[in-house]
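Coordinate analysis (summary)
Now for the letters of each chain:
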Amino acid sequence: MAGQHEGEVMIAGEQLRLRLHDEKLIRDRHHHLRTYPNCFVAQELIDWLVSHKEAPDRATAACLMQHLIDHDIVHHVCDKRTVFQDAKLLYRFRKDDGTFPFNTEVNIYMRGQRLYEHLTGTKNSILKLREEHGVANQRSFPGCLLIDWLLQNGEAESRHKGLELCRALQEHGIIQHVAKKHDFFDSGLLYQFCIHFRHRRRLSELLNESEQDNDEDVVVLTQEDNHAESPFVLRKSLPQEGTPAFQCVRSSKDLKQVTSGHRGTLNSLKLWSAGFPPLVQQSSTSVVRCNPKSVLRRNFTREELLAPGAPFIKRVLTVIGDALGWGFVVRGMAPCYVQAVDPGSPAAAAGVKVRQFVCQVNGQCVLHLDHRTVSKLVMTGTRTAVLAVMEPLE
């Protein structure tokens, strides 16, 4: 879901960029005897977002643009500012100056969008109403037929390469089995696109989706949702003695115990994909999921963390994951912080504590990244995670 959200943000950003070009808000600008091509004035853009009802007020509009900065879609023309400000400052879409980070994930989303446009624009499209197990599925296609199409249109060199591409599309939440029960196979099983690329994305809706990760709403999980990707699972009954539990605390009277049939791990961690199957099977007992309040006493900016004399101690911790993962949860849009630690986990043994801010993951600075991206860096790395953290002085 995190990957799909990032894809949705990227598409929304591209749709906004094209609209701003049409409205001539993006154009060459002159400042201090220098020309900055293809940029926009932050203040003018905020005016436009509010007047076009893309945001209810200026503060929300600034948050929307900050969301695009955090996802490396927009940046300050001189890269001097990492915080979007409602002022006469120049910003630019990275796609307009060639600095967009075309990593593997971005490439697969762009490839998925191109394939979707091609498939929907074809006269005799393979996307049709089809039936599987008595259920009719709109705009679906058999896996083997999609691979045939990829070969016929030069999108894949072989059936093996076509299968790899389709599995990458499924892994990134672009296509899925119609009943969400199977991985992608070169067979007659039916699949659908999860993302409607032509649907116009409202940035405010995407921001609300992102903020839902930090609210206190309790959502009842279906049996399908009750799986190892749920970092916070609160049982209706108290944990049994000896059961591992996350402790998310702000004070002794504000203790919350969060447990599950397995040890909760770093946000949305997929252990099976890393080759470490969970040791304890998840119970089918009805559960609810909640995201507890932030453990921070107050939020800190990146500038405050790095300021000389800041009340923090920098530590470098090496966490060696076990068969259940690493055993901690990060939260925050940027910088992110440790929200919860399993007392019996490798993270606790390595010295990871709640309220620590994560500065680096395996040598890469992450102060400008949100918790989804930081989680992904840990999950896609080796079993050993080297973390640089800023620990507040007590």
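A brief structural summary.

Once that is clear, we can look at the sheet that holds strand β7 (residues 175–177). Spatially, 4 strands are ordered β5-β6-β8-β7 in an open sheet, and the strand pairing comes out antiparallel. The strands lining the two open edges of the sheet, one partner per strand, are β5 (128–132) and β7. Taken over all neighbouring pairs, the strand axes of this sheet differ in orientation by 60° on average, direction set aside. The pairing of β7 with strand β8 (residues 190–193) spans 3 bridges and is antiparallel. Of the residues in β8, the one forming a bridge with Ile-175 is Phe-193. Contacts from helix α6 (residues 143–152) reach β5, β6 (135–142) and β8, with the element oriented near 30° to β6.

Attention now goes to the sheet that holds strand β2 (residues 34–41). Spatial ordering of the open sheet is given by β1-β2-β4-β3, a layout of 4 strands whose pairing is antiparallel. The sheet is open, and its two borders are formed by β1 (27–31) and β3 (74–76), each paired with just one other strand. Across the sheet, the axes of successive neighbouring strands diverge by a mean angle of 55°, strand direction being ignored. Sheet analysis places β3 next to strand β4 (residues 90–93), joined by 3 bridges and oriented antiparallel. Across the sheet, residue Val-74 finds its bridge partner in β4, namely Phe-93.

About the cut-offs
- Residues numbered from 1 in each chain as written.
- Predicted model: local features only at pLDDT ≥ 70, side-chain atom pairs only at ≥ 80, totals over all residues.
- Heavy atoms only, no water.
- Pairing = 2+ DSSP bridges.
- Helix = DSSP H or I, 4+ residues; strand = E, 2+ residues; numbered from the N terminus.
- Axes fitted to C-alpha atoms, helices over the stretch in contact; angles between N-to-C directions.
- Contact = heavy atoms within 4.5 Å.

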